[in-house]
Amino acid sequence: MKNPFRRDGSPNDGSPVDEQTDAPEQPNQGRTLEPAPEVLAELDALNGACRAAPDDIDAQIRLWRAVAALDRWVFINRGPEDDPRPYAIAAEPGNLLCIYSSGTRAQEAAYANGLVPSDATVSLLAVPMPGAIDWVLSFGELGVAGVTIDYPRLGAWSPLPNLARLRPASGQG
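Residues numbered from 1 in each chain as written. Predicted model: local features only at pLDDT ≥ 70, side-chain atom pairs only at ≥ 80, totals over all residues. Heavy atoms only, no water.

### Quick word on the sheet that holds strand S2 (residues 88–91)
- With mixed pairing, four strands are arranged side by side in an open sheet as S2-S3-S5-S6. Looking along the sheet, the strands with just one partner apiece sit at the ends: S2 and strand S6 (157–159). Strand-to-strand, the axes of this sheet are offset by a mean angle of 35 degrees, without reference to chain direction.
- Here strand S5 (residues 144–149) runs beside S6; their pairing, made up of three bridges, is antiparallel. Considered in S6, the bridge of Thr148 is made with Trp157.
- Most of the contacts of helix H2 (residues 57–68) go to S5, to which it runs at about 85 degrees, and overall it touches S5 and S6. (Pairing = 2+ DSSP bridges. Helix = DSSP H or I, 4+ residues; strand = E, 2+ residues; numbered from the N terminus. Axes fitted to C-alpha atoms, helices over the stretch in contact; angles between N-to-C directions. Contact = heavy atoms within 4.5 Å.)

### Let's talk about helix H1 (residues 37–52)
- Across its 16 residues, H1 extends 23 Å between first and last C-alpha, which sits within 8% of the 22 Å expected from 1.5 Å per residue.
- In this structure, the buried side of H1 is in contact with H2 and helix H3 (103–112). (Expected span 1.5 Å × (residues − 1).)

### Here's the deal with unusual backbone geometry
- With an omega dihedral of 0 degrees, the bond running from Met129 to Pro130 counts as a cis peptide bond.
- Assignment of secondary structure puts Pro130 in the loop between strand S4 (124–128) and helix H4 (131–138).
- Cis peptide bonds are those with omega within 30 degrees of zero, and the linkage from Tyr151 to Pro152 qualifies with 10 degrees.
- Relative to the helices and strands, Pro152 resides in the loop between S5 and S6.

Fair warning: the whole summary comes from geometry, so function is off the table for now.
Written out as structure tokens, the structure is:
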């Protein structure tokens, strides 16, 4: 599968996938993939509320609505550019795709999890919303059970069927 998106999150119109908006002397791509600091702070606070009350379904819904409200989801690419594969982990509920709220958090995770050496470029995929939800849902056919956000920093997870409920209604988004 050819990567449908360039690293900056724009649609791939057939131009080289490597074209980026960052300066070439800055190998990592996270700088173009950053939501406002208050958005990240809200995600952190909502995740804290979920950890404080793990049985509070309303808190979990608020967290995942905030995740779905991001402009784009960022993924660590584990495949070649012409066959992207988002990073996933094996967990008790099954394989979970790792969604990141920012390029910086994705890069930090790639280094922390030993996916790349600390001096290497992290290959990221930025998928704009709401298409990111549909793309993630397509992995259900491959045995993916759910997603986790900002793993290992946050690590909250959601089953794939719940993500379908976060997709904007037709005519929105």
